[in-house]
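# A closer look at the structure
Listed here are the chains, written in short residue letters.
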Amino acid sequence: MRFTKPAWVMHKDSAMRGDEKRVSMFSCHVHPDGSRIATGGLDAKVRIWSTKPILNHASELSGRPPKSLCTLTMHTGPVLVVRWAHSGRWLASGSDDEIVMIWDLDPTAKGKVWGSDEVNVEGWKPLKRLVGHESDVTDLAWSPGDRYLASVGLDSAVMIWCGYTLERIRKIDQHQGFVKGVCWDPVGEFLATGSDDRSVRIWRTTDWELEAEVKKPFDHSPGTFFRRLSWSPDGAHITASNATNNEGYVFIAAVIARNTWTSEISLVGHENTVEVAAYNPHIFLRDPSQPVTAPNICSVVALGADDRAVSVWQTKAPRPLIVAKDVFDRQIMDLSWSNDGLTLYAVSSDGTMAVFSFDATELEGIAPKSAQEQYLKRFGFVPPPLPEGFSHQIPAEPAKSQGSNRITPPPSPRAQSQDFGSATPATVQSGGEQVHTLIAKRKPKKRIQPTFAGSLSGSVPSSSVNGINAVPSSKPVSSVLTSTAPPRPFHDVPSSSNIPISVPSTSALQLSVSQPFGESVSSFGLGLNTGESTEDFPMDLDGEVRISSLDTAAPSGKGKRRAADDADDRIATKARTLGGDRIRENVPVRPITSRSAAPMSISSLLSDGPGLAGRLEAPQLVTYLKVTVEGGEDIFEGRNAESDEPNEVLFVSRGQTQWLDYLSAPILALAATSAFCAVAMQDGSVNVYSHTGRRLMPALSLGVPCHTLTGSKHTLMLLTVSGMLYVWDVKNQAAKFSPTSINPILAPSPNLTILSAVVRPNGAPVIQLSDGVAHTFDPALLTWTKLSEPWWAEGSDAWQGRQRTNQASARGPVAIIEGAISERMAVDSSRAEKVRPAWWNAALTLGHLESKLHAAKALDSPQEYKQALLLYAKRIADEGFRAKAEELVKELFGPVYWRPNRDDSWSPTTLGMSKRDLLKEVLVIFVRSKTLTKLGQDWQEIMKKAQNGD
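Residues numbered from 1 in each chain as written. Predicted model: local features only at pLDDT ≥ 70, side-chain atom pairs only at ≥ 80, totals over all residues. Heavy atoms only, no water.

## Concerning the overall build of the protein
Spelled out, the test is: Only runs of H or I of at least four residues qualify as helices and only runs of E of at least two qualify as strands under DSSP, and these elements are numbered from the N terminus. Using a 1.4 Å probe on the protein chains alone, a residue whose accessible area is under 20% of its type maximum counts as buried, one over 50% counts as exposed, and one in between counts as partly exposed. Method for areas: the Shrake-Rupley scheme with a 1.4 Å probe, in which residue coverage is limited to the protein chains shown.
In terms of regular secondary structure, the protein is built from 15 helices and 60 strands. Taking all 950 residues of the protein together, the buried fraction comes to 52%. When the accessible surface of the protein is summed, it comes to about 44,800 Å², and 50% of that surface belongs to carbon and sulfur atoms.

Dropping the structure here:
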């Protein structure tokens, strides 16, 4: 087996010019011919990549075929799902913008993108926008033979579209929660959907009515980004993600049997919620020498989970075939098998893709597609008739003219005797389906409109821009991946354990077997074939457009050549920098005692009295200081002279000095964010620079040396040795609030010290003290407030240390604070054993969650606010506290007759989230409870009336 992570497969943040900052990838899907793979990401783009450079190292190094084929940019929100039609000619994508987009190949649109240096090797045009969802589209699935397309979303609806005419056939809205997964029965008889209402529902395709509802394994399932489920290729089972055993303490994937619709089998072992399940498209034979019968058939299914692990199971074995741990830095979002069943692709919210390539000997018993088709006929299901005149089959003559090495997929599905033009009145075809027949018409006058070079043909304008300049990157990383396949002789096992893996960073990538999956029976190493073998591949662009020719060959004409020459001149000329011609010398770090600050009476400078005198000290004066720019690799350096020579600061990028400045006073502290650099000096002054060395603000004179200097994005914070705290908005050159003293939080005890002092991008300071309490200053209240404290750990069920969390995933600021408190303040076990009052846990849990809501709001952490709010609502509902519930509902709903722009006394949002949208989720929790069901239903009715303007 081979494993690789192609670093060049990425979605980039368009706001970060010049920086290749990865953003989350939510979906991937391999083309039926295996030549390309489509991905969807947070950048609102669909990207299509060649798979040959991923699977063949020689192809990656040669740049043939090109790595990036096309970038599609018609969506206005993050792309959550991409799915190729089985015919391979259409691509469907679903997005946050509530739209399902159908893309079709446009041979005229490839080439250089107008106004950009990027290249689309292929052109794909938006064929049709499928409008109907009222919220994010989370999953899509094409039925067998592309007869239907199903889409699901956060509006709790399931939409059924005709796979040929793209007309909407049915809307199913019986789910009571967000629908986050959909899959088709390979027989074509059923459709399965997974929802946040903690159920998997099976729908008949004959009348689109409910066949069965499965709830048992999902009773305690937590909320996840997706609930992607998959149907086995033999039609016998559905494997559903986000299921649990043992009242929610064991994370599993539930295997649901056909016809009985019960889940008696569980795939156990992942340490966090299973996010996605994907069956290998082939059936497997337990004994290849025996005929294809039900007892001789098994399947292979892959699972991706929030524990960052991928597991591959063969249904004939009790343990997984493969477990790959720590493949990603964050949770797995989607999985996709190639059509030959030998390659598994996985994408993660960390913005990377991982690829597992198997040999046929490792997946034993793989059966041809013909065997599966023959087996499925035994179900006796007759699919409904196709719309008259439409077919997904390839016409005979065009197929001959394509040639064996054609780079484009087969022609578009079309009406056999019709062209796409203006729509005629809808007609009802066989099968009860409404079909809009399209007939070409010529307009009496042709209006000439300006078009961009390379625009797509058809009525929908092209939006194929922002292609990616792929840069191959492969670094050897030591990895071990363990298998529990049946034992084999040692000489049959590859011995290499060092794999060249393309990774976005230099950190080591470890793959290991998780013990909960069971003891390993045998193991095999991994080796990536980097030989020159090119092997037969369905798509070969060697004879087509090459990346190298697109980058270097200029079209004929003097203007084009002159532009290229000018670019070469600019590259060859070294830019002039302030201090860039000086050789950088290493400066040893040692304390300086000869240049002490002038004596001053600290107590006389304290507005709150001498309570803090001597408790806050300035940083030690040293010869060399440096900080790394927030979110980058550039360095901001400070150098103090030991004699009377001037002190200096330098900004260094890629080992080259970009600029320097000389300072009159010794340097005590430095800070560098993505927006500015700051230096605090011994005489109490502060300089703030841009990354080019311009002074963004006048020199600030505080009169007292600093104790702490820190920054975050556009915010700078300084704490002086006199205990005065300053926070500035550098971008707007204004103070966030008036200078304030930290005496109120340090005064209670002379032994209190500051463990850490940081600032949030919104200007909120976070001061962590030695007693474990974290404070911030609230400008609206003009006082210090507590963010969190060890007291909540005494009895709150929502305390961070008591929750099962993924430590490697990105955590919010409140979780980080609570984690630091848990580490530094060990809870006294003797106090934990004391007999507590009856309402102890309930009171502390509610108090903690209410405090957490205020903390998340103060630190501008919307996700943590929402999480705490839903936990708070759940606890209120469990305890049956109706008064608290009504007060919460009224706070989120606001005035009954409130209208935008008419009443400013109530804000409809909090932390950028709609309060009434939050209320919808709170009411769902109340409705499901045993005590507040009526309250939740009544307010749901009020919500509907408010939305309708009644």
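## Regarding the pattern of salt bridges
As a reminder of what qualifies: Definition used for salt bridges: Asp or Glu carboxyl oxygen within 4 Å of a side-chain nitrogen of Lys or Arg.
Tallied over the entire structure, the rule returns 35 salt bridges. One salt bridge in this structure joins Arg204 and Asp207, with 3.2 Å as the shortest N-O distance. According to the relative accessible area criterion, Arg204 is partly exposed, its value standing at 24%. The shortest N-O distance in the salt bridge between Glu213 and Lys215 comes to 3.8 Å. Residue classification places Lys215 among the partly exposed residues on the basis of a relative accessible area of 42%.

## Notes on the nonpolar core
So the rule is basically this: By nonpolar core is meant a set of buried Ala, Val, Leu, Ile, Met, Phe, Trp, Tyr and Cys residues that side-chain atoms within 4.5 Å join together. In this description, contact between two residues means that some pair of their heavy atoms is separated by no more than 4.5 Å.
Formed by 42 residues in total, the largest nonpolar core has its most connected members in Leu869, Leu888 and Phe926. Listed by contribution, the elements that provide at least two residues to this core are helix 9 (813-824), helix 11 (840-858), helix 12 (862-879), helix 13 (882-893), helix 14 (915-928) and helix 15 (933-948). The contacts of Leu888, once residues within four sequence positions are left out, are Leu869, Tyr872, Ala873, Ile876 and Val922. One finds Val276, Ala278, Phe328 and Leu335 within the second-largest nonpolar core, a separate group that totals 24 residues.

## A word on the pairing of strand 8 (residues 99-105)
Heads up, the rule is: Two strands qualify as a pair provided that DSSP identifies no fewer than 2 bridges between them.
Burial of strand 8 is extensive: 7 of the 7 residues sit out of reach of the surface. Here strand 7 (residues 90-95) runs beside strand 8; their pairing, made up of 5 bridges, is antiparallel. Across the sheet, the residue bridging to Trp90 is Asp104, located in strand 8.

## Side note on the sheet that holds strand 18 (residues 199-204)
Sheet strands associate in pairs through backbone hydrogen bonding, adopting either a parallel or an antiparallel arrangement. Defined as follows: Angular values range over 0 to 180 degrees, each being the angle between N-to-C directions of two axes fitted as lines to C-alpha atoms, with helices fitted over their stretch in contact.
Strand order in the open sheet formed by 4 strands is 16-17-18-19, and the pairing between neighbours is antiparallel. Two strands bound the open sheet, and with one partner strand each, they are strand 16 (179-184) and strand 19 (210-214). Between one strand axis and the next, the sheet turns through 20 degrees on average, direction left out of account. One ladder, built from 5 bridges, connects strand 16 with strand 17 (residues 190-195); its direction is antiparallel. Within the sheet, the bridge partner assigned to Val179 lies in strand 17 and is Ser195.

## Quick notes on the packing of helix 12 against helix 14
This is how the line gets drawn: Relative orientations are named as follows: roughly parallel for angles under 35 degrees, roughly antiparallel for angles over 145 degrees, roughly perpendicular for angles from 65 to 115 degrees, and oblique for any other angle. For any pair of crossing helices, the crossing counts as left-handed if the nearer helix is rotated counterclockwise from the farther one by less than a right angle, and right-handed if it is rotated clockwise.
The interhelical angle for the contact between helix 12 and helix 14, taken along N-to-C directions, is 30 degrees, at an axis separation of 9 Å. Between helix 12 and helix 14, the angle falls in the class roughly parallel. Considering only the axes of helix 12 and helix 14, their crossing is right-handed. Between helix 12 and helix 14, the residues in contact are Tyr865, Lys866, Leu869, Leu870, Ala873, Lys874 and Ala877 and Leu918, Glu921, Val922, Ile925 and Phe926, respectively.

## A few points about helix 9
Under the convention used in this document: The span you would expect from a helix comes to 1.5 Å times its residue count less one.
When the terminal C-alpha atoms of helix 9 are compared, their 17 Å separation across 12 residues agrees well with the 16 Å that a helix rising 1.5 Å per residue should span. For helix 9, the set of buried residues is Pro813, Val814, Ala815, Ile817, Glu818, Gly819, Ala820 and Ile821. Residues of helix 9 that are buried sit in contact with strand 56 (765-769), strand 57 (774-778), strand 58 (783-788), helix 11 and helix 12.

## What to know about the pairing of strand 30 (residues 332-337)
Where burial is concerned, most of strand 30 is hidden: 6 out of the 6 residues are buried. Across 5 bridges, strand 30 lies against strand 31 (residues 343-348) in antiparallel orientation. In the strand pairing of strand 31, Ile332 is matched with Ser348. The loop that links strand 30 with its antiparallel partner strand 31 comprises 5 residues; one of these, Gly341, has a positive phi angle of about 75 degrees.

## Thoughts on the packing of aromatic side chains
Where we set the bar: Side-chain rings of Phe, Tyr and Trp, where Trp is taken by its six-membered ring, are said to pair if the distance between their centres is within 6.5 Å; with planes under 30 degrees apart they count as stacked, over 60 as edge-to-face, and otherwise as tilted. Counted as over-ring charges are cases with an Arg CZ or a Lys NZ within 6 Å of the ring centre that also lie within 35 degrees of the ring normal.
Taken as a whole and judged by the stated rule, the model has 22 aromatic pairs. A ring pair is formed by Trp659 and Tyr689, whose centres lie 5.0 Å apart and whose planes are at 40 degrees; its orientation type is tilted. Here Tyr689 lies in strand 48 (residues 685-689) and Trp659 lies in strand 45 (residues 656-663), a separation of 30 residues in the sequence. Here Trp659 matches Tyr689 in class, with each residue buried. Their ring planes at 40 degrees and their centres at 4.8 Å tell us that Phe737 and Phe777 sit as a pair that is tilted. Of this pair, Phe737 sits in the loop between strand 53 (734-735) and strand 54 (740-741) while Phe777 sits in strand 57; the two residues are 40 residues apart in sequence, bridging distant segments of the chain. Residue Phe777 is classed as buried on the basis of its relative accessible area, which comes to 7%. Ring pairs connect the aromatic residues Phe636, Phe651, Trp659 and Tyr689, which therefore count as one cluster. The ring centre of Trp8 lies 5.7 Å from the NZ or CZ of Lys67, which sits over that ring.

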